[in-house]
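Notes for the structure review
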Amino acid sequence: MSAEQVVANDMEEITGKLDGKYQAFDGKTILLTGGAGFLGYYFIHFFLKLNDGLLKNNCKIICMDNFMRGVPDWLGNLKGRDSLELIEADIITLDVNSLPPIDYIIHAASIASPTFYRQFPIETMDANIIGLRNLLDYCVTKKRESEPVTSFLFFSSSEIYGDPVPEQIPTPEKYRGNVSCTGPRACYDESKRYGETLCVNFQQMHDVPVKMARPFNNYGPGLGINDRRVIPDFCRNIFDIENIIMLSDGSPTRTFCYVADAIYGYLLILLSDEQGEPFNIGIETPEISMKDLARKLVEYAETEVGISGLEVITKKSEDGAYLVDSPIRRSPSIKKARDVLGYVPTVSIDEGLKRTLRWYADHN
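In this report, the structure presented in the accompanying data block is examined. (Residues numbered from 1 in each chain as written. Predicted model: local features only at pLDDT ≥ 70, side-chain atom pairs only at ≥ 80, totals over all residues. Heavy atoms only, no water.)

1. Quick word on the packing of aromatic side chains
Each aromatic ring pair is characterised by the separation of its centres together with the angle its planes make. This structure, assessed with the given rule, holds 17 aromatic pairs. Feature note: the residues Phe25, Phe43, Phe46, Phe47, Tyr104, Phe155 and Tyr266 constitute an aromatic cluster, connected by ring pairs. For Lys336, the ring lying beneath its charged end belongs to Phe279, and the centroid distance is 4.8 Å. (Phe/Tyr/Trp six-rings, centres within 6.5 Å; stacked < 30°, edge-to-face > 60°. Lys NZ or Arg CZ within 6 Å of the ring centre and 35° of its normal.)

2. Here we look at the environment of Pro332
Tracing the sequence through the fold places Pro332 in the loop between strand S14 (329-330) and helix H10 (335-341). In this structure, Pro332 is in contact with Pro170, Thr171, Phe216, Thr255, Asn280, Gly282, Ile283 and Glu284, ignoring residues within four places of it in sequence. (Helix = DSSP H or I, 4+ residues; strand = E, 2+ residues; numbered from the N terminus. Contact = heavy atoms within 4.5 Å.)

3. Some points on the packing of helix H1 (residues 3-18) against helix H8 (residues 259-270)
One can describe the packing of H1 onto H8 by two numbers: an axis separation of 9 Å at closest approach and a directional angle of 35 degrees. Between H1 and H8 lies a crossing of right-handed hand. Of the residues in H8, those touching H1 at Asp10, Ile14, Lys17 and Leu18 are Ala260, Asp261, Ile263, Tyr264, Leu267 and Leu268. Here the residues of the contact of H1 with H8 sort into 7 nonpolar, no polar and 3 charged. (Axes fitted to C-alpha atoms, helices over the stretch in contact; angles between N-to-C directions. Left-handed = near helix turned anticlockwise from the far one by under 90°. Nonpolar A, V, L, I, M, F, W, Y, C, P; charged D, E, K, R; others polar.)

4. A closer look at the pairing of strand S1 (residues 29-33)
Remember that side chains alternate between the two faces of the sheet whenever the strand is regular. Taken across its 5 residues, S1 has 5 buried, putting it largely inside the fold. Pairing analysis gives 5 bridges linking S1 to strand S2 (residues 60-65), with the strands arranged parallel. Each bridged residue has a counterpart across the sheet, and for Thr29 the counterpart in S2 is Lys60. In this sheet, strand S4 (residues 104-107) lies alongside S1 in parallel orientation, the contact comprising 4 bridges. Its bridge partner being in S4, Thr33 is matched across the sheet by His107. (Buried < 20%, exposed > 50% of the residue type's maximum accessible area, 1.4 Å probe, protein only. Pairing = 2+ DSSP bridges.)

5. Side note on unusual backbone geometry
The linkage connecting Ile169 with the following residue, Pro170, adopts the cis geometry, with an omega of -5 degrees. Along the chain, Pro170 turns up in the loop between strand S5 (151-155) and helix H6 (186-206). That bond from Thr285 to Pro286 is cis: its omega, 0 degrees, falls within 30 degrees of zero. Its place among the elements puts Pro286 in the loop between strand S11 (278-281) and strand S12 (288-289). At Asp19, a residue that is not glycine, the phi angle is positive and equals roughly 50 degrees. With respect to the element layout, Asp19 can be found in the loop between H1 and S1.

6. Overview of the environment of Lys49
Mapped onto the fold, Lys49 is located in helix H2 (residues 38-50). It is 8.8 Å that separates the C-alpha atoms of Lys49 and Thr15, two residues lying 34 residues apart in sequence. One polar contact links Lys49 to Glu12, side chain to side chain, over a distance of 2.6 Å. (Polar contact = N/O pair within 3.5 Å; in protein donor to acceptor, adjacent residues only side chain to side chain.)

7. Some words on the pattern of salt bridges
Between side chains of opposite charge, a pair can form as their charged atoms come close. The full count for this structure, using the stated rule, is 24 salt bridges. Glu12 is paired through a salt bridge with Lys49; the nearest N and O atoms lie 2.6 Å apart. Of the two residues, Glu12 is situated in helix H1 and Lys49 in helix H2; the sequence distance between them amounts to 37 residues. Here Glu12 falls in the partly exposed class, since its relative accessible area comes to 46%. (Salt bridge = Lys/Arg side-chain N within 4 Å of Asp/Glu carboxyl O.)

Function-wise, these values are silent; they only describe arrangement.
Okay, structure coming up:
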């Protein structure tokens, strides 16, 4: 199966699970900040899928990004679509009054890879705080002008929980977290926490229709192979025909949520009336160790893309802060999303890794 077929099938799955709820986007304008990033890849393909005959009136997608890491090829290839507008701008300094009326806002403009947000800590904090504040102020202004925003989704993070105590795993939304405010990951973790505080208070004081998503380890097509998160790191080794190098003993565990399941969950939040509420989006089981994850990828590299003979090797990172404040376990409770939104993820880790390898075979 080609990379394009993987994405096309995922779009069919997402629209099928939404069961017509996507009709809310008929004729609407969506602002997607950070649209050149990983999640932007699937959001944009989803909205373009809607415009290929599923909506009576096309929705308009405004993709905003500062393109600090360049314009990805996939986005450049979409340039020229009538319903897609690309705006090169920094949400931190943007004059939001220059924006047209917006129906839906998806604020995903933030560096999410630990390697890169440690290189750009201030920019990371500014996007999650100043950029968010600019958009919340825009919502207040538009409400006064009788052009209210219908819904606003802020991308928070499972990192707001820090390293949970064992009795809080799977981790529910009510858990307050065990987070360092001065460590090497604090720029991301703490700015996401404060971002949620901004959202809740703007909802309470100004009735801004904002809600928060807390992603748990999303992966899949659209996640650049040089992103430096664990799955693309391992896949980069595979496609370079190298043994997988682990910079730990491989014992920490995670649950991983395939991007199609994740986007389906985020859209359910965006389309809900649950204002000022956070939702975990991920899968609850199975927790998998980093070593077992690497072994699965080596196995599927042979069956899915014909690369064999690789091994998993552990080494110690030369970066002394590499694993500082990194949680030992990460697994969400999705009971709230399941009960309130009807969120039911369906793609297993094995199937998701196979689809990811097929996509990387054409995009590495």
